[in-house]
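A closer look at the structure
Chain by chain, the residues run as shown.
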Amino acid sequence: MVADRLEPFGTTIFTRMSHLAAEHGAINLSQGFPDFEGPTALIEAVETALRSGENQYCRSQGHPALVTAISGNVERFYGLSYDPMREVACFHGATEAIAATLLGTLNPGDEVVLFEPFYDSYPACCALAGATPSYVTLRYPEFRIDRSRLEAAVNERTRAIVLNTPHNPTGRVFSRDELLIVADVAKAHDLWVLADEVYEHLTFDDAKHICIASLPGMRERTITISSAGKTFSFTGWKVGWCTGPEHLVSSAQAAHQFLTFCASSPIHAGVGAALPMVTDAYYDQLRADYRRRRSLLVKGLKQVGFDVVVPEGTYFVLAHFGKLSSLSDVEFSEWLIREHKVAAIPPSGFYLAEPEEGRRLLRFAFCKNEETIQSAVDNLKRWADREDPAV
Ligand code: PMP
Ligand code: GLN
């Protein structure tokens, strides 16, 4: 009964792996959600909103408090100025922002460039819009953006490029040089860019997140999407938004009004009230906490025998298991859940042009308490310490 255009996508890998983890009592490092709470001040701000009458539909394009706070934040972190009422829109999570942007801008027959491995909603939303993706594969282990491969993916039907930085699942934070390649190609072919920057505040060491909208000539052709879910560890609140020039934001809004009309008023009002109060120290602490979790997981996975791509950003690690097993990523992840009670994501489904690129990789999430990460590492070590751990 499922519509033909959705048939190829089935049930998302996140739903399937979290379900399998629960069924087998495995430690869930698959789906990216924290197993700890976000800041109490945000909970209190939402509570205040709930008790002060913010309980009916809010402005469709975004609660005034939240669009104002977002415009302020983008100015604060990137020096970019967006009119809160015309160049910002709020959604039920970044997922809805992505869907609304693609549905609101694309026509059947249009093409969109996607880098793979991709976040799974991009190809599905292109299909919903009747558009055709054209893939550029980022190759293990560097996952660098290559100019000639990007140029080869563009033709006269191409309308847009979807760029995710910091990048799920590779952990890449694309460099200025790589972003300049995307910007050059976008400008040369008059394309617009959907910049998915939901992990904007999760970068490590020397990696610096650069908004592609801040590069010369890109503000007018970039719609930037972000989310409070990752930065404040409340993935279930679904607070997403976009910023961009009015022609792109109003197209996303044209779809948004018929998808959900508006997001949850008290949650968006509460986050809008709290956002301007979040100190620089909060963001520094967030990064410091994630740096520790990343070290623990990377060190543990290396000790087990994985070849680890140390992430520059996000809360995901890609690990190559070629020395440990000859199974495929799907078989190996299911085996690990059943036999060793650790759940990770098999990433081959994040590739459509070259799925072999993902067949010997697993994605582990470290948005978990250090005890959770340590328990998962201990389970894996118990297996690896055996005389003949190969499967
Ligand atoms: N984009 C990427 C790259 C993500 O990893 C996620 C996380 N689920 C989203 C978008 C969706 O964010 P949200 O939970 O706000 O819908
Ligand atoms: N973004 C999260 C991840 O990559 C999960 C999102 C989802 O469950 N759809 O794990």
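Each remark here, short or long, concerns the structure printed above.
Attention in this report is confined to the structure presented alongside it. (Residues numbered from 1 in each chain as written. Chains lettered and ligands numbered in written order. Predicted model: local features only at pLDDT ≥ 70, side-chain atom pairs only at ≥ 80, totals over all residues. Heavy atoms only, no water.)

1. Let's talk about the layout of surface pockets
For the largest pocket, the calculated volume is near 970 Å³. Lining the largest pocket are 46 residues, with Thr12, Phe14, Tyr119, Asp120 and Ser121 positioned closest to its centre. Those elements that place two or more of their residues in the lining of the largest pocket are α1 (13-24), α4 (93-105), α5 (121-129), α8 (228-231) and α12 (329-340). Ranked by the residues each element gives to the lining of the largest pocket, the list is headed by α1, at five residues. For the lining of the largest pocket, the residue count by class is 23 nonpolar, 15 polar and eight charged. The space that makes up the second largest pocket amounts to roughly 210 Å³. Lining of the second largest pocket is provided by Phe77, Tyr78, Glu200, His201, Thr203, Ala207, Lys208, His209, Asp280, Tyr283, Asp284 and Arg287. Where the lining of the second largest pocket is concerned, the elements lending two or more residues are α3 (64-78) and α11 (280-304). (1 Å grid on protein atoms, 1.4 Å probe; cavity = no way out; pocket = protein on both sides within 12 Å on 5 of 7 lines; lining within 4 Å. Points joined across faces, edges and corners; volume = space filled by probe spheres on them. Helix = DSSP H or I, 4+ residues; strand = E, 2+ residues; numbered from the N terminus. Nonpolar A, V, L, I, M, F, W, Y, C, P; charged D, E, K, R; others polar.)

2. Let's talk about unusual backbone geometry
Following glutamate 116, the chain continues to proline 117 via a peptide bond in cis, the omega torsion being 5°. Along the chain, proline 117 turns up in the loop between β3 (111-116) and α5. A cis amide bond links threonine 165 with the next residue in sequence, proline 166, at an omega value of -15°. Counting through the fold element by element, proline 166 comes out in the loop between β5 (158-164) and α7 (176-188). Even without glycine at this site, aspartate 190 takes up a positive phi of about 50°.

3. Description of the site of ligand 1
Lining the immediate surroundings of ligand 1 are 14 residues, of which Thr95, Asp196, Tyr199, Lys230 and Lys238 lie closest. Lysine 238 places a side-chain nitrogen or oxygen 2.7 Å from an oxygen atom of ligand 1. In the complex, the protein chains occlude 92% of the 390 Å² of accessible area that ligand 1 would expose alone. When each cavity is represented as a set of grid points, ligand 1 is found to reside in the largest pocket. The dominant element in the shell around ligand 1, judged by the number of residues it contributes, is α4, at four residues. (Near = heavy atom within 4 Å. Polar contact = N/O pair within 3.5 Å; in protein donor to acceptor, adjacent residues only side chain to side chain. Areas by Shrake-Rupley, 256 points an atom, 1.4 Å probe, with all protein chains shown as cover. Sits in = over half its atoms within 2 Å of the grid points.)

4. Looking at the nonpolar core
Soluble, globular proteins show a tendency: their nonpolar side chains are buried together. Grouped together as the largest cluster of nonpolar side chains are 65 residues, with contacts concentrated most on Tyr290, Leu297, Leu301, Phe306, Phe364 and Leu380. Counting residues in each nonpolar core, the second largest holds 39 residues, with Ala153, Val154, Ala186 and Leu318 among its members. (Core = buried A, V, L, I, M, F, W, Y, C linked by side-chain atoms within 4.5 Å. Buried < 20%, exposed > 50% of the residue type's maximum accessible area, 1.4 Å probe, protein only.)

5. Description of the packing of α12 against helix α13 (residues 370-384)
Orientation of α12 relative to α13, taken along the N-to-C sense of each, is 95°, at an axis distance of 11 Å. Relative to α13, the element α12 is oriented roughly perpendicular. Residues Phe332, Trp335, Leu336 and His340 of α12 touch α13, and the partners they reach there are Asn379, Leu380 and Trp383. Here the contact of α12 with α13 is composed, by residue class, of five nonpolar, two polar and no charged. (Axes fitted to C-alpha atoms, helices over the stretch in contact; angles between N-to-C directions. Parallel < 35°, antiparallel > 145°, perpendicular 65-115°, else oblique. Contact = heavy atoms within 4.5 Å.)

6. Some words on the site of ligand 2
Around ligand 2, the surrounding shell consists of Phe14, Gln31, Gly32, Tyr119, Asn168, Tyr199, Lys230, Phe316 and Arg363. At 2.7 Å from an oxygen atom of ligand 2 is found a side-chain nitrogen or oxygen belonging to glutamine 31. Here a nitrogen atom of ligand 2 sits 3.4 Å away from a polar atom, N or O, in the side chain of tyrosine 119. Protein chains shield 81% of the accessible area of ligand 2, which is 300 Å² for the free molecule. Taken atom by atom, the bulk of ligand 2 overlaps the largest pocket.

7. Re the pairing of strand β4 (residues 132-137)
In the sheet, β3 pairs with β4 via six bridges, with the strands oriented parallel. Residue pairing across strands places valine 112 opposite proline 133, the latter belonging to β4. Assessed by its sense of winding, the connection that carries the chain from β3 through α5 to β4 is right-handed. (Pairing = 2+ DSSP bridges. Right-handed = clockwise from strand over helix to strand, strands pointing away.)

8. A closer look at the sheet that holds strand β9 (residues 307-309)
On the basis of which strands lie adjacent, the open sheet formed by three strands has the order β9-β10-β12 and antiparallel pairing. If you trace the sheet from one side to the other, it starts and ends with β9 and β12 (361-365), each paired once. Between one strand and the next, the sheet's axes are offset by a mean angle of 30°, whatever the strand orientation. In terms of strand pairing, strand β10 (residues 316-320) meets β12 through five bridges, oriented antiparallel. Bridged to leucine 318 within β12 is arginine 363. Strands in contact with α11 are β9, β10 and β12; relative to β10, the strand with the most contacts, it is inclined by about 10°.

9. Focus: the side chain of glutamate 200
Counting through the fold element by element, glutamate 200 comes out in the loop between β6 (192-196) and β7 (222-227). Buried charge glutamate 200 goes without a salt bridge, the closest partner of opposite sign being arginine 287 at 8.8 Å. A polar contact of 2.6 Å, which involves the side chain of glutamate 200, links it to the side chain of tyrosine 78. Side chain to side chain, glutamate 200 and serine 226 meet in a polar contact 2.6 Å long. Residues within four places of glutamate 200 in sequence aside, it is in contact with Tyr78, Pro166, His209, Ser226 and Trp241. (Lys, Arg positive; Asp, Glu negative; His and termini not counted. Salt bridge = Lys/Arg side-chain N within 4 Å of Asp/Glu carboxyl O.)

10. Quick look at empty space enclosed by the protein
Per the counting criterion, the structure on display carries two cavities of 30 Å³ or more. Each pocket or cavity is described by its volume, and for the largest cavity that value is around 190 Å³. Taken together, 22 residues form the lining of the largest cavity, with Val74, Tyr78, Glu200, Ser226 and Trp241 sitting closest to its centre. Elements with a contribution of two residues or more to the lining of the largest cavity: α3, β7, α8 and β8 (239-243).

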